[in-house]
Amino acid sequence: QVQLVESGGGLVQPGGSLRLSCAASGSIFSQAAMGWYRQAPGKQRELVARIRPSGSTNYADSVKGRFTISRDNTKNTVYLQMNNLKPEDTAVYYCHDLIADAWGQGTQVTISS
């Protein structure tokens, strides 16, 4: 059974930064393709960033150049560094394990002046 726990969300001003963490257990983490998704009120959940076991990454166009996904296999943790945050980044952010199709509970990110 795979369990994912997100942390690091909060309230920040536009232009600020946050670093989200997702701690995984119950999986072979180093072989897992991991992703960060987000869902804003009234909108469908969307892929923000993905990192494969090889370390290759991809990003939604809306966050390219601002967000960075990374992983630390020694800690079974995937991160999302978010810089230059904008109000439209406001959403609940979820961690996802592609193979296990497991989701975390989500962490709220709010960007407001």
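The text that follows walks through the structure, step by step, so that each part is easy to find.

What counts and how
- Residues numbered from 1 in each chain as written.
- Predicted model: local features only at pLDDT ≥ 70, side-chain atom pairs only at ≥ 80, totals over all residues.
- Heavy atoms only, no water.
- Salt bridge = Lys/Arg side-chain N within 4 Å of Asp/Glu carboxyl O.
- Buried < 20%, exposed > 50% of the residue type's maximum accessible area, 1.4 Å probe, protein only.
- Helix = DSSP H or I, 4+ residues; strand = E, 2+ residues; numbered from the N terminus.
- Polar contact = N/O pair within 3.5 Å; in protein donor to acceptor, adjacent residues only side chain to side chain.
- Contact = heavy atoms within 4.5 Å.
- Pairing = 2+ DSSP bridges.
- Axes fitted to C-alpha atoms, helices over the stretch in contact; angles between N-to-C directions.
- Phe/Tyr/Trp six-rings, centres within 6.5 Å; stacked < 30°, edge-to-face > 60°.

Attention now moves to the pattern of salt bridges. Tallied over the entire structure, the rule returns 4 salt bridges. A salt bridge links R38 to E46; its shortest N-O distance comes to 2.8 Å. The buried category is assigned to R38, whose relative accessible area is 6%. Residue D89 pairs with R66 through a salt bridge whose shortest N-O separation is 2.8 Å. Here the residue D89 occupies a position in the loop between β8 (77-82) and β9 (91-97), and R66 occupies one in the loop between β6 (57-59) and β7 (67-72), the gap between them amounting to 23 residues. As far as the burial class goes, D89 and R66 line up, both buried.

In this section: the environment of E6. Tracing the backbone shows E6 in strand β1 (residues 3-7). Counting along the chain gives 100 residues from E6 to G106, while the straight-line C-alpha distance between them is 6.0 Å. Looking at E6, its side chain comes within polar contact range of the main-chain nitrogen of G106, at 2.9 Å.

So, about the environment of D72. If you trace the backbone, D72 turns up in strand β7. The exposure class assigned to D72 is partly exposed, which follows from its relative accessible area of 22%. Considered as a pair, D72 and S30 are 42 residues apart in the sequence and their alpha carbons are 8.7 Å apart. Setting aside residues up to four positions removed in sequence, D72 forms contacts with F29, T77 and Y79.

Time to look at the sheet that holds strand β3 (residues 18-25). Strands sit in the order β1-β3-β8-β7 across an open sheet of 4 strands; the sheet is antiparallel. Every interior strand has two partners, whereas the edge strands, β1 and β7, have only one. Neighbouring strand axes in the sheet, compared pairwise and without regard to direction, differ in orientation by 15 degrees on average. Pairing geometry for β1 and β3, over 5 bridges, is antiparallel.

Here the structure, examined in full by the defined rule, presents 2 aromatic pairs. Note on Y37 and W103: the rings are 5.0 Å apart at their centroids and 65 degrees apart in plane angle, and the pair reads as edge-to-face. Of the two residues, Y37 is situated in strand β4 (residues 34-39) and W103 in strand β10 (residues 102-103); the sequence distance between them amounts to 66 residues. In this structure Y37 comes out as buried when scored by relative accessible area, which is 17%. Judged by its relative accessible area of 33%, W103 falls in the partly exposed class.

None of the figures reported here should be taken as evidence of function without further support.
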